[in-house]
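An overview of the molecular structure
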Amino acid sequence: MAIQKVGVVGCGLMGHGIVQVAAQGGCTVVVLEAEQKFLDSGLGRIDKSLAKLAEKAVKDGKATEEEAKAKAAATRARISGTTSKQDLADCDLVIEAIVENLDAKKALFKELGALCKPSTIFASNTSSFPIGEMAIASGRPARFVGLHFFNPVQLMKLVEVVRTDITDAQVFEDAKAFGAACGKAPVACKDTPGFVVNRLLVPYMTEAMRMLERGDASAQDIDTAMKLGCGYPMGPIELTDYVGLDTTLFIVEGWTKRYPNEPAFQVPKILRDLVAQKKLGRKTGEGFYKWEGDKRA
Ligand code: CAA
Ligand code: NAD
């Protein structure tokens, strides 16, 4: 595979998972965070996840305890953390997974474009912003793709690989091969708002919130209805807590600004209110529901 050394920017909910699956796929991974405390917390989550997967492999009879522990240790040894952008300079691929803010992402790619080796491929894990705008900001638009992973990255099997009109054909193939090495099924997408999944999923989540606002049904009943009626693993309200209410708000707000007349892209009041109260979902212990760690209370 052309991609051997990978940089990931952001070690939050998504970044830590991307770091882990890239290392599980055999890549050497450097993860950059804004502050050491965020790095420590993200690396701590990777340790817990690797331990959990090792435990599961033993339970399922796929490996002995010794084999599973050795595999987890080898994966962990391929991961290092940094707070200095310079450490990403010689990466073959850099994946950005910072906050869903287009100006912040463009500023980051402008800096990375100036310091990474000319052959480095850039990718964004954005949920909703145009890949083309970040590609131009990076100064190397042909070497830029979207690599959109799903939450929780360790368990979800899809990666959307997004190309713009000027993405180099070999870069796109290398990005798909990387996604497959991470154990994901790559799906090719054009650079459209929300690509495939979020163009369908986010309006469904916001419509469920509007249903709740109107008092058509309770959160619990909306979720139960979609789980039992459609076979979804989570209902739309619980899923919003799982994704993060802040991230969901950033996605919809970005679309409202760009497409003010599109009814499916309007922000529900309840979402704005809960974010203002710092009820961001699973990550803060409360959103629409109360949470204890990764589980509903
Ligand atoms: N690392 C390692 N192991 C993990 C893990 C992780 N990060 N997360 C969970 N596990 C383990 C659990 O501990 C559990 O192990 P045991 O079987 O040993 O108990 C196992 O995996 C299954 O976990 P759960 O018991 O929590 O299982 P579940 O069957 O309830 O599945 C789920 C959890 C996969 C999250 C499932 O509820 C699901 O698919 N939910 C929907 C998720 C979804 O739609 N994601 C997309 C969000 S949208 C997005 O990502 C795009 C965007 O841009 C916003
Ligand atoms: P998060 O808030 O959990 O993590 C973002 C991390 O980036 C934080 O730890 C923060 O300290 C770090 N960061 C911010 N600016 C930085 C910078 N300049 N340099 C280095 N680190 C920086 O957010 P998240 O949920 O992981 O989302 C990250 C990206 O992934 C967003 O673009 C989001 O839309 C996308 N995404 C999110 C989900 C989801 O379900 N939450 C799913 C798919 C894609």
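Everything numeric in this text was worked out from a predicted model, so none of it was measured.

Here we take up the packing of helix α7 (residues 197-214) against helix α10 (residues 245-258). Two elements in contact, α7 and α10, have axes whose closest approach is 11 Å; the angle formed by their N-to-C orientations is 105 degrees. Judged on the interaxial angle alone, α10 and α7 are roughly perpendicular. Every residue of α10 that contacts α7 at Asn-198, Val-202, Pro-203, Met-205, Thr-206 and Met-209 is listed here: Thr-248, Ile-251, Val-252 and Trp-255. A class-by-class count of the residues in the contact of α7 with α10 yields seven nonpolar, three polar and no charged.

Among the nonpolar cores identified, the biggest contains 35 residues, and Val-6, Leu-93, Ile-95, Leu-147, Phe-149 and Phe-178 are the most heavily contacted of them. Broken down by element, the residue count for this core peaks at six residues, all from helix α1 (residues 13-24). Core analysis: the second largest hydrophobic core is formed by 24 residues, Val-202, Leu-212, Leu-274 and Trp-291 among them.

If you roll a probe as big as a water molecule over the atoms, it shows you where there is empty space left. Looking at the second largest pocket, its volume works out to about 560 Å³. Lining the second largest pocket we find 21 residues, and of these Gln-24, Leu-53, Ala-54, Ala-57 and Lys-71 sit closest to its centre.

Strands in a sheet are paired, the pairing made by backbone hydrogen bonds, and the direction either parallel or antiparallel. Spatial strand order, β3-β2-β1-β4-β5-β6-β7-β8: eight strands in an open sheet with mixed pairing. The open sheet terminates on both sides in strands that have one partner only, identified here as β3 (79-82) and β8 (185-190). Neighbour to neighbour, the strand axes of the sheet diverge by 25 degrees on average, direction disregarded. Pairing of strand β5 (residues 121-124) with strand β6 (residues 144-149) involves three bridges; the strand directions are parallel. Paired with Ala-123 across the strands is Val-145, a residue of β6. Contacting β1 (5-9), β2 (28-32), β3, β4 (93-96) and β6, α1 crosses the sheet at an angle of about 165 degrees to β2.

Before going further, it helps to examine the packing of α7 against helix α11 (residues 269-276). It is at 8 Å that the axes of α7 and α11 come closest, and there the two elements cross at 90 degrees. When the interaxial angle is binned, α7 and α11 end up roughly perpendicular. Contacts from Met-209, Leu-212 and Glu-213 of α7 reach α11 at Lys-269, Ile-270 and Leu-271. Grouping the constituent residues of the contact of α7 with α11 by class yields four nonpolar, no polar and two charged.

Before going further, it helps to spend a moment on the environment of Pro-236. Here Pro-236 lies in helix α9 (residues 236-243). Pro-236 sits in the buried class, given a relative accessible area of 1%. As a C-alpha pair, Pro-236 and Ile-222 span 14 residues in sequence and 7.6 Å in three-dimensional space. When sequence neighbours within four positions are dropped, the list of residues in contact with Pro-236 reads Tyr-204, Met-205, Ala-208, Ile-222, Asp-223 and Met-226.

Right, let's talk about the packing of aromatic side chains for a bit. The geometry of two aromatic rings is summed up by the distance between their centres and the angle between their planes. On inspection of all chains with the given rule, the structure shows seven aromatic pairs. A centroid spacing of 5.6 Å and a plane angle of 50 degrees characterise the contact between Phe-109 and Phe-122, whose relative ring orientation is tilted. Remark: Phe-122 occurs in strand β5 and Phe-109 occurs in helix α4 (residues 102-115); sequence separation between them is 13 residues. Phe-122 matches Phe-109 in its accessibility class, with the two residues each being buried. A ring pair is formed by Phe-122 and Phe-144, whose centres lie 6.4 Å apart and whose planes are at 70 degrees; its orientation type is edge-to-face.

In terms of domains, the protein chain is made up of domain 1 (5-190) and domain 2 (199-287). Measuring from the centre of the C-alpha atoms in domain 1 to the corresponding centre in domain 2 gives 26 Å. Tallying the contact residues gives eleven residues for domain 1 and eight residues for domain 2. A combined buried area of about 810 Å² lies between domain 1 and domain 2, and 58% of that area is made up of carbon and sulfur atoms. Viewed at the interface, domain 2 and domain 1 are joined by one salt bridge. Among the salt bridges present, the one from Glu-133 reaches Arg-258, with a minimum N-O distance of 2.8 Å. Summed over the shared surface of domain 1 and domain 2, the result is three residue pairs in polar contact (both at pLDDT 80 or more).

Let's shift gears to the site of ligand 1. In the region of ligand 1, 21 residues are neighbours, and Ser-49, Ser-127, His-148, Asn-151 and Asn-198 sit closest. At 2.6 Å, a side-chain N or O of Ser-49 approaches a nitrogen atom of ligand 1. At 2.9 Å from an oxygen atom of ligand 1 is found a side-chain nitrogen or oxygen belonging to Lys-295. Burial of ligand 1 by the protein amounts to 71% of the accessible area it has alone, namely 1100 Å². Of all the secondary structure elements, the ones that give two or more residues to the shell around ligand 1 are α2 (36-59), α7 and α9. When residues in the shell around ligand 1 are grouped by element, the largest group, five residues, is from α2. For the shell around ligand 1, the per-class residue count stands at eleven nonpolar, six polar and four charged. Structurally, the shell around ligand 1 is a two-domain feature, drawing no fewer than three residues from each of domain 1 (5-190) and domain 2 (199-287).

How each quantity is defined
Residues numbered from 1 in each chain as written. Chains lettered and ligands numbered in written order. Predicted model: local features only at pLDDT ≥ 70, side-chain atom pairs only at ≥ 80, totals over all residues. Heavy atoms only, no water. Axes fitted to C-alpha atoms, helices over the stretch in contact; angles between N-to-C directions. Helix = DSSP H or I, 4+ residues; strand = E, 2+ residues; numbered from the N terminus. Parallel < 35°, antiparallel > 145°, perpendicular 65-115°, else oblique. Contact = heavy atoms within 4.5 Å. Nonpolar A, V, L, I, M, F, W, Y, C, P; charged D, E, K, R; others polar. Core = buried A, V, L, I, M, F, W, Y, C linked by side-chain atoms within 4.5 Å. Buried < 20%, exposed > 50% of the residue type's maximum accessible area, 1.4 Å probe, protein only. 1 Å grid on protein atoms, 1.4 Å probe; cavity = no way out; pocket = protein on both sides within 12 Å on 5 of 7 lines; lining within 4 Å. Points joined across faces, edges and corners; volume = space filled by probe spheres on them. Pairing = 2+ DSSP bridges. Phe/Tyr/Trp six-rings, centres within 6.5 Å; stacked < 30°, edge-to-face > 60°. Domains from an automatic or database assignment. Buried area = accessible area lost by both parts, 1.4 Å probe. Salt bridge = Lys/Arg side-chain N within 4 Å of Asp/Glu carboxyl O. Polar contact = N/O pair within 3.5 Å; in protein donor to acceptor, adjacent residues only side chain to side chain. Near = heavy atom within 4 Å. Areas by Shrake-Rupley, 256 points an atom, 1.4 Å probe, with all protein chains shown as cover.

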